[in-house]
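# Close look at the chain arrangement
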Amino acid sequence: MFPLGVFGLGGAAERLLLPASRQVPSVEAVAGSDPAADRRGWAAEKYGIRTYESAAELLEKEKPALALIGTPPDSHFDLTRMALEAGAHVFLEKPFTETVEEADALIALARERGKLLAVNTQYRYMD
């Protein structure tokens, strides 16, 4: 079983990430992080996961094997780097990063750590 941490508990988590996590038998959403108390409360109530205000606290306490990042794009680089450095595989929403240099750095870090790094493009084939 892969313990899953969800970073960002807004619309992407509500409509896509958390519902999809329930469809994968080998994945268990155990925790989420979001600076907004109402979003943490929603996720804890609806999905029964532990919640944290900061991503750093989630990574330290939960040590997820997989990080799903559904936060605003300007946070993707830092959160992905933190998750990879903490030993998690990463699946994040698009856009991947704000610059090619950031993308190259994260790809290199994922390779160095032996972790998977994937960008979700779920709307590519949807109406």
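Attention in this report is confined to the structure presented alongside it. A quick note: this is a predicted structure, and the numbers were derived from the prediction, not measured.

### Looking at the overall build of the protein
A tally of regular secondary structure across the protein gives five helices and six strands. Each helix and strand of the protein, ordered N terminal to C terminal, gives the series β-α-β-α-β-α-β-α-β-α-β. Taking 2.2 N^0.38 as the reference for a compact globule, 127 residues should give roughly 14 Å; the C-alpha atoms of the protein span a radius of gyration of 14 Å, in line with that estimate. Projecting the C-alpha coordinates of the protein onto the three principal axes gives extents of approximately 40 × 40 × 30 Å. Taken over 127 residues, the protein has a buried fraction of 43%. A fraction of 62% describes how many contacts in the protein between residues 6 or more apart in sequence connect residues 24 or more apart. A total accessible area of about 7,000 Å² is found for the protein, and carbon and sulfur atoms account for 54% of it. The protein carries 14 positive and 19 negative side-chain charges, and their two centres are separated by 6 Å.

Cut-offs and rules
Residues numbered from 1 in each chain as written. Predicted model: local features only at pLDDT ≥ 70, side-chain atom pairs only at ≥ 80, totals over all residues. Heavy atoms only, no water. Helix = DSSP H or I, 4+ residues; strand = E, 2+ residues; numbered from the N terminus. Rg over C-alpha atoms; globule rule 2.2 N^0.38 Å. Buried < 20%, exposed > 50% of the residue type's maximum accessible area, 1.4 Å probe, protein only. Contact = heavy atoms within 4.5 Å. Areas by Shrake-Rupley, 256 points an atom, 1.4 Å probe, with all protein chains shown as cover. Lys, Arg positive; Asp, Glu negative; His and termini not counted. Charge placed at Lys NZ, Arg CZ, Asp CG, Glu CD.

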